[in-house]
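Coordinates in review
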Amino acid sequence: MKKFLTSVICLMSAVLLSAQGNSNSQLEAKLSEYCASIIGESLTVQCTETDYIIESCQESDMRQYVAVWLYTHYFTSKVMGHETVAIHIYDKWFSDGKLSFYNDMDYISASVFADVNRNTLLGMKAPSALLEDTDGNAVRIFSESMSRPAVLYFYSTDCSKCKIENIMLRNVIENLDYGIDVYAVCTKGSTEEWENVRSGALNFQVENSVIHHLRNKADNNSWKDAWGVLQTPATFLVESDMKIVGRALDSNALEQLLQMVHRKHNMVYGEAESMDFYDAIFADGTSPEILAGSADHIARRTLEETRDTMLFKQMTGDLLYYLSNSEDGGLRNGLPDFVQKQILDRSDVWTTQEDTLQIISLARMLKEVGERASVGSRIPRVKVYGFKVDGKGEGKVRRRSLRLLPKSYTHIMFYSPMCWDCKIQSEKLAERAGKEKIKVLKVNLDAMEKDHPELFRKLIEEFDLTHVPYITKVHKGRITEKYCTF
């Protein structure tokens, strides 16, 4: 990108020194190349880049030439979203007279284009509008929160393009039927003509989607100003967070966008690729602070900087599933706070039924389990069958009350003889016990479940035994560490 930018600036300088007629065509070619190189960037970046190009022009005639060329390029572009860049250029460089178009008609056209479209640019909140349903009742759309995406389609009964688009729209919705709301708004036509369209071309046969047939109220055309609809057909796609994600859509573009949105709303969490990703993220160390910092960074880069709610949900959901399978003590100690801050406190983000099933229910369970026998609390009043390990070796299995353990016991280890990690920790414990003063009470969970099921049930209610070995450190009857290792 920087190479393109340098070439553009050098060409602008060359034009100033040259009187040859092909200089402008060379500059236009380089500007086109540069705009193509940033087409994959966000609209915010593209706005910033066009500003930088214009600001790089030191001579006023060159600055006007480049600004007009860039405005025209984005104004006439067929790429959805480029109208945002065109309006940005108009607002910053032309609206207040910093620069001027070459004639008044171009200025008027740019002014009208900006005023008509600025309320419905990509990423903006869908404007509310007052309409009328088939029974003559007033209906205000996009005034309340939504649980799923919506298509907003404006048409008129005497529009030839609308007659074709009506059928195309119906085919898209019926073929996909992803479970959305479709607001089909008749902007012009008699009651009889409207009814003919509703029962004919726009008679949807769907199971999961809901079609709302509406028309403009006779005494209220506020929808026209709100949505900037000067001609029909006009189609918009609004996400469940009420942000506009599609505008000036034809049926093919709408179908592609609906498929993209559907994939986002039917996320799959915890796939192998995401697990490898977080393995790499936490490869250099783990702690509650590192987990919190990583989660905050994801939220900042997605929700705050780019306002990409879906990316936040995907990355945070993947992290939740990663943590649910992690046996790392540093991460598991930070899990309850992570769940509270990034999921349970963000009810404005996790809004769908799928979120409840896949994320919120799991988050609540992990938080509840993770808060059992928390650090600083008194050890639960539970009886177990276990044996002590110290420098002298292993003792006999005895019934013991955890609340009444001697102060010299520093760790409690819940394990399963069938668990490979438990064997590794037992070997490390034996090695440590032979070198230093350490006393541990080991509790065989398999034996507890088999021989003392009532005590076992009490244990799993008081401790997080979703992963073993579970090792906790105690001092004077209080828990000082959880998820320890030897």
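Residues numbered from 1 in each chain as written. Predicted model: local features only at pLDDT ≥ 70, side-chain atom pairs only at ≥ 80, totals over all residues. Heavy atoms only, no water.

1. Considerations on the overall build of the chain
Filter applied, for reference: Strands here mean DSSP runs of E at least two residues long; helices mean DSSP runs of H or I at least four residues long; both are numbered from the N terminus. Exposure is judged per residue with a 1.4 Å probe applied to protein chains only, and the accessible area is read against the type maximum: over 50% gives exposed, under 20% gives buried, and values in between give partly exposed. Only heavy atoms matter for contacts: two residues are in contact if any of them lie within 4.5 Å across the pair. Areas reported here follow the Shrake-Rupley algorithm with a probe of radius 1.4 Å; residue values treat only the protein chains shown as occluding. As used throughout, the charge tally considers Lys and Arg to be positive and Asp and Glu to be negative, leaving His and the chain termini uncounted. In plain terms, the charge of a residue is placed at NZ if it is Lys, CZ if Arg, CG if Asp and CD if Glu.
For the chain, the count of helices and strands is 18 helices and 14 strands. In terms of principal-axis extent, the alpha carbons of the chain reach across some 95 × 70 × 35 Å. Among the 486 residues that make up the chain, the fraction classed as buried is 47%. Within the chain, contacts between residues at least 6 apart in sequence are counted, and of these 70% link residues at least 24 apart. Put simply, the chain shows about 25,200 Å² of open surface, and 49% of that area lies on carbon and sulfur atoms. Of note, the chain has its 58 positive side-chain charges centred 13 Å away from the centre of its 67 negative side-chain charges.

2. Here we look at the packing of aromatic side chains
Under the convention used in this document: Two aromatic rings from Phe, Tyr or Trp, using only the six-membered ring of Trp, form a pair when their centres are within 6.5 Å; if the ring planes differ by under 30 degrees the pair is stacked, by over 60 it is edge-to-face, and anything between is tilted. Placement of a positive charge over a ring is assigned whenever Lys NZ or Arg CZ falls within 6 Å of the ring centre and within 35 degrees of the normal to the ring plane.
One pass over the structure, following the stated rule, counts 22 aromatic pairs. A centroid spacing of 4.1 Å and a plane angle of 20 degrees characterise the contact between F94 and F101, whose relative ring orientation is stacked. Each member of the pair, F94 together with F101, is buried. By way of ring pairs, the aromatic residues F142, F154, Y183, W223, W227 and F236 are connected into one cluster. Just above the ring of W194 sits the side chain of R198; from NZ or CZ to the centre is 4.4 Å.

3. Things to note about helix α13 (residues 309–325)
The test is simple: The span one expects for a helix is its residue count, reduced by one, times 1.5 Å.
When the terminal C-alpha atoms of α13 are compared, their 25 Å separation across 17 residues agrees well with the 24 Å that a helix rising 1.5 Å per residue should span. The buried count for α13 comes to 12 of 17 residues, which makes it a mostly enclosed element. Within α13 the residues assigned to the buried category are T309, M310, F312, K313, T316, G317, D318, L319, L320, Y322, L323 and S324.

4. Section: a nonpolar patch on the surface
Quick reminder of the rule: Patch rule: a residue counts if its relative accessible area is over 30% and it has no salt bridge; like charges are joined within 9 Å, and nonpolar side chains (Val, Leu, Ile, Met, Phe, Trp, Tyr) within 5 Å. Note on definitions: salt bridges are taken to be side-chain nitrogens of Lys or Arg within 4 Å of carboxyl oxygens of Asp or Glu.
Together, M105, Y107, I108 and V112 make up an exposed nonpolar region whose accessible area comes to about 380 Å². By relative accessible area, I108 is classed as partly exposed at 44%.

5. Some points on a positive patch on the surface
On the surface, a cluster of positive charge is made up of R378, R381, K383, R399 and R478. Relative to the assigned elements, R478 resides in strand β14 (residues 478–481).

6. Describing the packing of α13 against helix α14 (residues 329–344)
The condition is simple: Every angle, taken between N-to-C directions, lies between 0 and 180 degrees, and every axis is a line fitted to C-alpha atoms, over only the stretch in contact when it is a helix. Note that the term roughly parallel is reserved for angles under 35 degrees, roughly antiparallel for angles over 145, roughly perpendicular for angles of 65 to 115, and oblique for everything else. Crossings are classed by handedness, with left-handed meaning an anticlockwise turn of the near helix from the far one by less than a right angle and right-handed meaning a clockwise turn. For this classification, Asp, Glu, Lys and Arg are treated as charged, while Ala, Val, Leu, Ile, Met, Phe, Trp, Tyr, Cys and Pro are nonpolar and the rest, including Gly, are polar.
The interhelical angle for the contact between α13 and α14, taken along N-to-C directions, is 150 degrees, at an axis separation of 10 Å. The orientation of α13 relative to α14 falls into the category roughly antiparallel. As for how α13 packs across α14, the hand of that crossing is left-handed. Packed against α13, whose contacting residues are F312, T316, L319, L320, Y322, L323 and S324, the element α14 presents L331, R332, L335, F338, V339, Q342 and I343 at the interface. For the contact of α13 with α14, the per-class residue count stands at 10 nonpolar, three polar and one charged.

7. Digging into the confidence of the model for the chain
Applied cut-off: For every residue, the pLDDT score states the predictor's confidence, bounded by 0 at the bottom and 100 at the top.
Summing up the model confidence of the chain, the mean pLDDT is 88 and the portion of residues at 70 or higher is 95%. Of all helices and strands in the chain, the one with the weakest mean pLDDT is helix α1 (residues 2–17) (48), whereas strand β3 (residues 150–156) scores best (96). When the criterion is pLDDT under 50, residues 13–21 qualifies, and its contacts beyond four places in sequence or with other chains add up to seven contacts.

8. Describing the nonpolar core
The condition is simple: Among buried residues, those of type Ala, Val, Leu, Ile, Met, Phe, Trp, Tyr and Cys that are joined through side-chain atoms within 4.5 Å constitute a nonpolar core.
Counting residues in each nonpolar core, the largest one holds 36 residues, and the members touching the most others are V384, L402, I412, F414, V443, L459 and F463. At the level of secondary structure, the elements contributing two or more residues to this core comprise β8 (383–390), β11 (411–415), α16 (420–433), β12 (440–444), α17 (445–451), α18 (453–462) and β13 (470–475). In terms of residue count, β11 provides more of this core than any other element does, four residues in total. Among residues more than four places away in sequence, those in contact with F463 are R372, A373, I379, P380, L402, F414 and Y470.

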